[in-house]
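Understanding the architecture of this molecule
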Amino acid sequence: MKIDFALILACTLLVGTSWGRGGGGGGGGVLPDGPCRSGFSESFYTVFIPQDLLHGQSILRDTLLAAERVKFEGCHVVDLLGFESSDPNYSVQPDGSVYAEKDVANLTEPVQFMVTARGRSLEAHIWETTVKLALAGHPSQIGEGGAFPRHHLLPRVISFPRRRNSPLSLRRQKRDWVIPPINVPENSRGPFPQMLVRIRSDKDRDTQIRYSITGAGADQPPTDVYNIDPVAGKMYVTRPLDREERASYHVKAHAVDMNGIQVESPIDLYIYVIDMNDNRPEFQNQVYNGSVAEGSKPGTPVMRVTAHDADDDTTTNGIIQYRILSETPHSAAHMFTINGDTGDIVTVAAGLDRERVPQYMLIVQATDMEGSQTIGLSNTATALITVRDINDNPPEMTSRTFSGEVQENSVNVVVANITVTDRDQPDTPNWRAVYKIVHGDPQGHFAINTNHVTNDGMVTVVKPVDFENNRSFMLTVVVFNPVELAKGIQSSPESTAGVSISVRDVNEPPYFPSNPTMIRFEEGVPAGTIITIFAARDPDILTRQRVRYSKLSDPANWLRINTSNGEITTLATLDRESPYVKNNIYEATFLAADDGRPSATGTGTLQIYLTDVNDNAPTLQPREAQVCERSRYGSRVNLTASDPDADQSAGPFNFELPPYPPSVRRNWTIAQFNGPLRGYYVQLRLKLHYLQAGMYSVPVLVTDSGNPPMSNRSMLRVKVCPCDVDGYCTAVGAVAAAGLGTGAIIAILICIIILLSMVLLFVVWMKRREKERQTKPLLIDPEDDVRDNILKYDEEGGGEEDQDYDLSQLQQPESLDHIMAKPVGVRRVDERPVIAESQYPARSTLPHPGDIGDFINDGLRAADNDPTAPPYDSLLVFDYEGSGSTAGSVSSLDTSSSDDQDYDYLNDWGPRFKKLADLYAGGEED
């Protein structure tokens, strides 16, 4: 393309640093909270040059011509921004002004080139826009109604630039021709394919050219979005585009000859999808939850709601505005407002009161197209705002006075209930009540606990009250919260009420003023002595009641109490040494019961401290001893004494031998111990060198240290025996010392011999009896013979015929086929194994009296040696012996033939067959 005119053009590119939304030229208002994106405000600018400016004029180079401004917006100050022009005929100065590099005479065809903005650093971002110069009134630039459209119309023909190889040009030429972006609206309805532009090369006049495109949307994913007629060079879009799926495409157009040789350098085609408002704003949540403290001042932040619009947010299609559609509950003044740009909800009025309105519900709307209600798309969400509680309501008593009743002597029971109201949120410190008694209970009989469920105050008795001392109480109670009231609340933080508590009288049991009561007496107090008056008092002093006394515990039965006045008299002599006296104290327990309704009973314990008197003589310890008959073996015995009296009436003791009989002092002597044992231990020693072995009684006289002293004559039994060299009594000596004479010893030996002889005879008799039993021909003892004894088997029926028994099982089976057919190892416990059986002896049909025993013995031995016999109790099958009853015959002796057979030979078989002989031979019964 040839340019044969010169034009001086000046377009100032303003670099903006304001924080606002971009638009066409002009200042526009600044929105401090709106989204900001750096870049040119428009992707395509058109500058119209009046025709009279070119007509008949020669415009000098470097002259500023027009003042149409193209804005660049930056979200921060861009340091040393640089601008570049893709057309070498036009340059861009650092201040953004565009100049023509040579003179131009006319502008018959529009001229367009690309302006690039970039920072000085290597990593700086790059922004691009297209500037088009056109003659004012050019037919191709006039839209409907004579207005130039806002978006650039697609050029009908795009020609490949010529290569310029001017040797006189000293300026570097980046490119001869820049194709402006091709803008395609999204969601186009077609028809498809829809032509976008025509690609043409100047060389198509000389040779046939083939056109093609490459890049995203052509031969790269997404494929088949664009195609081109290889002959005509017409480029088409094949389907509707979606900007939200892909906002731009970059393809290259190629021109080759029929041989595939490139005839033109590829040109870049940028296709931008023009955004349409086809997406509604979408909230991140359908329900937003927020909270604000009650009593908050206007302007307090509450929460933020956020919506997103998939449309281009640099255009009005994606610019969202928020507003509140409704506020529930409805009130005269709205309590909240929302920032239309950011979605921040804040309080707009005072008066938030949780007790009046605990929660607000806002319906928030987000609308694109800068909030236009006519052409914008909208969506809604719900904002739930909870009013947080503060302690702005103190607890208040529901009544100025409360009353209750308590039974005297009760403890840990609730006697009154105090109710309060608190409008703050339940189960929080702002609501919980704390009670305190400030007056009327100086001795601390009552306490107030808080019921954590109802918040009531429970007046509880913690110390028993006495009706006779206090018939009623008037308590002053205050209630307050455990946390302080919020600032600015003029109410008092606590509430006061009076609690009247009346005490109900009950019949109290009598009591003993001193319990237990101890008195002191000397032991030996005789029976019938009045020792004290053990009286009780009745605490019910306002009621006249009589008290009756009785005995509850008197272990030794020494005491008696007067039922009317509590006078205690002895029934027996009091003895300190009694086992019922512990540590000198005897205890008895008495009851005191009044005649009230119901009667009440009190218990008292009387302790009698018994002082000791010397009323027990000492006794000698031990009472038996053993010494050697010769004094050289150390024949001596250690003696002591015991006295149940107290120590001052007991030891030390005096031990001595009486003068009579004289043999005592002649044979024995008492030696005293020295040191701390003196008076408590002595030694009885053998005075002679030798004393005949035997049992001796040695009297010893023991006297205590009481006042007056008491003596006791004790008899000590001493065994004198021969001893070995170690001083121990020998066995013979021990027997002799026990007092057994020679005759007694001989008698004992004779008895032992007789006892051994009897044992020997019994053993011999048992062996002989066992031998006789082994030599007898029969198997059982005559006493155990079942043939002459009646055996009871608990048979309660009518006999064999009355029983449902299969007695055929007792018979020998005629065939063993059913047993032979069974598998190996599987058979009943009462079945014989099918193996070779032992041969049992055969007997004749008519038995001979002499061989019956031999036959039985032979059969027994054969059975014991039979390997087929089971090793356990089971049915043993013998021989089938005829018919008749179901069981058959069990004997070869048939009673029906008794008349034909002589049984006298049974008498020859011995006493065991005597019973049969008597029955069958005509003998008499024994």
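Report follows, based on the coordinates. (Residues numbered from 1 in each chain as written. Predicted model: local features only at pLDDT ≥ 70, side-chain atom pairs only at ≥ 80, totals over all residues. Heavy atoms only, no water.)

1. Considering the overall build of the protein
Short version of the rule: Secondary structure elements are taken from DSSP: a helix is a run of H or I of four residues or more, a strand is a run of E of two residues or more, and numbering for both begins at the N terminus. Burial status follows relative accessibility: with a 1.4 Å probe on protein chains alone, a residue under 20% of its type maximum counts as buried, one over 50% as exposed, and anything between as partly exposed. Contacts between residues were defined by any pair of non-hydrogen atoms, one from each residue, lying within 4.5 Å. The Shrake-Rupley method, run with a 1.4 Å probe, gives the accessible areas here. Residue values count only the displayed protein chains as cover.
Assigned secondary structure in the protein consists of 7 helices and 50 strands. Across the 926 residues of the protein, 36% fall into the buried class. Taking the intrachain contacts of the protein between residues at least 6 apart in sequence as the baseline, contacts between residues at least 24 apart amount to 67%. Element-wise, carbon and sulfur atoms account for 52% of the exposed surface of the protein, whose accessible area totals about 54,900 Å².

2. Thoughts on the sheet that holds strand β20 (residues 301-304)
Test applied: At least two bridges found by DSSP between two strands is the condition for calling them paired. Structural elements are reduced to axes, namely lines fitted to C-alpha atoms, with helices fitted over the stretch in contact, and the angle between N-to-C directions of any two is expressed from 0 to 180 degrees.
A sheet is described by the order of its strands in space; here 3 strands give the open sequence β20-β24-β23, paired in antiparallel fashion. For this open sheet the edge positions go to β20 and β23 (336-338), each flanked by a neighbour on one side alone. The sheet shows a mean angle of 25° between the axes of neighbouring strands, taken without regard to direction. Here β23 pairs with strand β24 (residues 344-347) via 3 bridges, running antiparallel. By the bridge assignment, threonine 337 is partnered in β24 with valine 346.

3. Side note on the state of the cysteines
Our working rule: We call a pair of cysteine sulfur atoms a disulfide when they lie within 2.5 Å.
One pass over the structure, following the stated rule, counts 2 disulfides. Here cysteine 628 pairs with cysteine 723 through a disulfide, and the sulfurs are 1.8 Å apart. Since a negative S-S torsion denotes a left-handed disulfide, the cysteine 628-cysteine 723 link at about -100° is left-handed. Within this pair, whereas cysteine 628 is found in strand β44 (residues 624-628), its partner cysteine 723 is found in the loop between β50 (711-721) and α3 (731-737), the two being separated by 95 residues in sequence. By relative accessible area, cysteine 628 is classed as buried at 5%. Here cysteine 721 connects covalently by a disulfide to cysteine 729, the sulfurs 1.5 Å from one another. A residue is classified by how much of its surface remains accessible, and cysteine 721, at 1% relative accessible area, is buried. Given a relative accessible area of 23%, cysteine 729 falls into the partly exposed group.

4. Concerning the pairing of strand β35 (residues 494-504)
Pairing geometry for strand β28 (residues 401-407) and β35, over 7 bridges, is parallel. Bridge assignment links valine 406 to a residue of β35, and that residue is valine 503. In the sheet, strand β34 (residues 472-480) pairs with β35 via 9 bridges, with the strands oriented antiparallel. Looking across to β35, one finds that threonine 476 is bridged to glycine 498.

5. Brief notes about the pattern of salt bridges
What counts is decided by this rule: The working definition used for a salt bridge is a side-chain nitrogen of Lys or Arg within 4 Å of a carboxyl oxygen of Asp or Glu.
Under the defined criterion, the tally for this structure stands at 12 salt bridges. Arginine 304 serves as the salt-bridge partner of aspartate 344, at 2.5 Å between the closest nitrogen and oxygen. Here aspartate 344, found in strand β24, pairs with arginine 304, found in strand β20; they are 40 residues apart in sequence, far enough to count as distant. For arginine 304, a relative accessible area of 48% translates into the label partly exposed. Among the ionic pairs, arginine 576 bridges to glutamate 577, the shortest N-O distance being 3.1 Å.

6. With respect to the packing of aromatic side chains
Quick reminder of the rule: Two rings belonging to Phe, Tyr or Trp (six-membered ring only in the last case) form a pair when the distance between their centres is within 6.5 Å. Interplanar angles under 30 degrees mark stacking, angles over 60 mark edge-to-face geometry, and anything in between is tilted.
Throughout the structure, instances matching the rule amount to 9 aromatic pairs. Centre to centre, the rings of tyrosine 226 and tyrosine 249 are 5.1 Å apart; their planes meet at 80°, and the pair counts as edge-to-face. With tyrosine 226 in strand β14 (residues 226-228) and tyrosine 249 in strand β16 (residues 248-256), the pair connects residues that are 23 residues apart, well separated along the chain. Residue classification places tyrosine 226 among the buried residues on the basis of a relative accessible area of 2%. The buried category is assigned to tyrosine 249, whose relative accessible area is 6%.

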